[in-house]
Amino acid sequence: SQKGQIYPVETQVVAGEGHSLNLTQVGAGTEVRVSRLECPPQTCQRLREMGFCENALVTKIRGGADLVCWVCGTRVALSARLAKQILVEHVDGRS
């Protein structure tokens, strides 16, 4: 074995009590609740107009460079960059 060799380590983010994930970190088919938005005021306003308000229920339909979500009865596509600014938490009693 060689000293000082660096091995990559995979980490998995797990949301627990009081921890938020961003929308890119949840799997497709997962229903989550928006906990807060971390973006400039104009971007936050636009996201809220699209239905991504605090406490709104969102179902992620598809991930990738562009995400597709179900929010307020409508399918909405978002860039991953924008989705990273939407912090969410798992809904209690999820199946």
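The structure reproduced in this document is the subject of the present report. Note that the structure is a prediction, hence the values are computed from the model and not measured.

1. Re the environment of alanine 80
In step 1: Within the secondary structure, alanine 80 is located in helix H2 (residues 80–83).
In step 2: Using a relative accessible area of 18% as the deciding quantity, one classes alanine 80 as buried.
In step 3: Separated by 58 residues in sequence, alanine 80 and asparagine 22 place their C-alpha atoms 9.9 Å apart.
In step 4: Discounting chain neighbours no more than four positions away, the residues touching alanine 80 are Thr24, Gly64, Ala65 and Leu67.

2. As for the environment of threonine 74
In step 1: Inspection of the secondary structure puts threonine 74 in strand E5 (residues 74–79).
In step 2: For threonine 74, a relative accessible area of 41% translates into the label partly exposed.
In step 3: Linking threonine 74 and glycine 51, residues 23 residues apart in sequence, is a C-alpha distance of 8.9 Å.

3. Examining the pairing of strand E3 (residues 57–62)
In step 1: Summarising the sheet, strand E2 (residues 31–37) and E3 pair through three bridges and their orientation is antiparallel. Looking at the pairing, glutamate 31 lines up with threonine 59 of E3.
In step 2: As paired strands, E3 and strand E4 (residues 66–71) are joined by four bridges and run antiparallel to one another. Across the sheet, residue arginine 62 finds its bridge partner in E4, namely valine 68.
In step 3: Counting the residues between successive antiparallel strands, the hairpin from E3 to E4 contains three residues, one of them, glycine 64, with a positive phi of roughly 120°.

4. Brief notes about the nonpolar core
In step 1: Formed by 22 residues in total, the largest nonpolar core has its most connected members in Leu23, Leu47, Phe52, Val58, Leu78 and Ile86.
In step 2: Residue assignment for this core shows that the elements contributing at least two residues are E2, helix H1 (41–49), E4, E5, H2 and strand E6 (86–90).
In step 3: Sequence-distant contacts of phenylalanine 52, that is, excluding residues within four places in its chain, are made with Leu23, Val34, Leu37, Leu47, Val58, Cys69, Val71, Val76, Leu78 and Ile86.

5. With respect to the pattern of salt bridges
Where charged atoms from two side chains of opposite charge approach closely, those side chains can pair.
In step 1: Across all of its chains, the model carries three salt bridges by this definition.
In step 2: For arginine 48, the salt bridge identified is with glutamate 54, shortest N-O distance 2.7 Å.
In step 3: In this structure arginine 48 comes out as partly exposed when scored by relative accessible area, which is 35%.
In step 4: Under the relative-accessibility criterion, glutamate 54 is labelled partly exposed at 32%.

6. Some details on the sheet that holds E6
In step 1: Taking strand neighbours across the sheet as the criterion, the six strands line up as E1-E6-E2-E3-E4-E5 in an open arrangement whose pairing is antiparallel. In this open sheet, the two edge strands, each paired with only one partner strand, are strand E1 (21–22) and E5.

7. Some details on the state of the cysteines
By definition, a disulfide links the sulfur atoms of two cysteines through a covalent bond.
In step 1: In total, this model carries zero disulfides according to the counting rule given.
In step 2: Between cysteine 72, a cysteine without a disulfide, and cysteine 53, which holds the nearest cysteine sulfur, the sulfur-to-sulfur distance is 6.4 Å.

Calculation notes
- Residues numbered from 1 in each chain as written.
- Predicted model: local features only at pLDDT ≥ 70, side-chain atom pairs only at ≥ 80, totals over all residues.
- Heavy atoms only, no water.
- Helix = DSSP H or I, 4+ residues; strand = E, 2+ residues; numbered from the N terminus.
- Buried < 20%, exposed > 50% of the residue type's maximum accessible area, 1.4 Å probe, protein only.
- Contact = heavy atoms within 4.5 Å.
- Pairing = 2+ DSSP bridges.
- Core = buried A, V, L, I, M, F, W, Y, C linked by side-chain atoms within 4.5 Å.
- Salt bridge = Lys/Arg side-chain N within 4 Å of Asp/Glu carboxyl O.
- Disulfide = S-S within 2.5 Å.

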